[in-house]
Amino acid sequence: MVDLAKLMNPDLFENLRLELRRGSLIIAVLAQLREEHYGYALRKALSERGMEIEESTLYPLLRRLETQGLLVSQWREEDKRNKRFYLLSTDGREVLEQLLAEWKSLDSSLSGIVGGKEHATH
C-alpha cells in the first residue's frame, strides 16, 4: 500500500487533514455542550474521548458558535475563580440534530464509496 502522506506535499496533506477535522470539531463541541461545561472542562472531556483541541482553537470556536446563536454562556464563580460556562441553546440543539443527521448520511455514503473501492481492488 502506498503512503499518500509521503507522496504528497506534507503541507497539502496537513491542510486537508485540518479541513476534515474542522467540521468534526464543531460537531464534537456542540454534542459535548448538551451538558454545561467551562472551557478547560470541555477540553478535558473532549480529550478523554479522543478529540484533542488546542485552547487557541477552542476559545475562538466557542465565541463564534455563541455569536451564531448556537451556544449560551454565563460567567459564574467556581473554586474562587470566575469561569465562563457554555451550553447549547435551543437553536444549537436543533442545528446539532441536523448536523448529526447530515454526518450520518455522509458517513454512510463514504463507507459505501470507500468500502466499494476496496472490495473492487481485492
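The paragraphs below set out a description of the structure included in this document. (Residues numbered from 1 in each chain as written. Predicted model: local features only at pLDDT ≥ 70, side-chain atom pairs only at ≥ 80, totals over all residues. Heavy atoms only, no water.)

1. Here's the deal with the overall build of the chain
Looking only at helices and strands, one finds five helices and three strands in the chain. Written out in order from the N terminus, the α and β elements of the chain read α-α-β-α-α-β-β-α. In the chain, buried positions account for 25% of the 122 residues. Approximately 9000 Å² of the chain is accessible, and the part contributed by carbon and sulfur atoms is 53%. (Helix = DSSP H or I, 4+ residues; strand = E, 2+ residues; numbered from the N terminus. Buried < 20%, exposed > 50% of the residue type's maximum accessible area, 1.4 Å probe, protein only. Areas by Shrake-Rupley, 256 points an atom, 1.4 Å probe, with all protein chains shown as cover.)

2. Describing a nonpolar patch on the surface
A surface patch of nonpolar side chains, amounting to about 380 Å² of accessible area, comprises Leu106, Leu110, Ile113 and Val114. As for its position among the elements, Leu110 is in helix α5 (residues 90-121). (Patch = residues over 30% accessible without salt bridge, like charges linked within 9 Å, V, L, I, M, F, W, Y side chains within 5 Å. Salt bridge = Lys/Arg side-chain N within 4 Å of Asp/Glu carboxyl O.)

3. What about the nonpolar core?
Residues Val29, Leu33, Leu62 and Leu71 are the most contacted members of the largest nonpolar core, which totals 20 residues. For this core, the secondary-structure elements that each account for two or more residues are α2 (10-32), α3 (39-48), α4 (55-67), β3 (81-88) and α5. Ranked by the residues each element gives to this core, the list is headed by α2, at six residues. Aside from chain neighbours lying at most four places away, what touches Leu62 is Val29, Leu33, Leu42, Leu71 and Tyr86. (Core = buried A, V, L, I, M, F, W, Y, C linked by side-chain atoms within 4.5 Å. Contact = heavy atoms within 4.5 Å.)

4. Re the packing of aromatic side chains
One pass over the full model with this rule turns up one aromatic pair. Sitting above the plane of the Phe85 ring, Arg76 keeps its charged end 3.9 Å from the centroid. Seen from the ring of Tyr38, Lys83 lies directly overhead, with NZ or CZ sitting 4.2 Å from the centre. (Phe/Tyr/Trp six-rings, centres within 6.5 Å; stacked < 30°, edge-to-face > 60°. Lys NZ or Arg CZ within 6 Å of the ring centre and 35° of its normal.)

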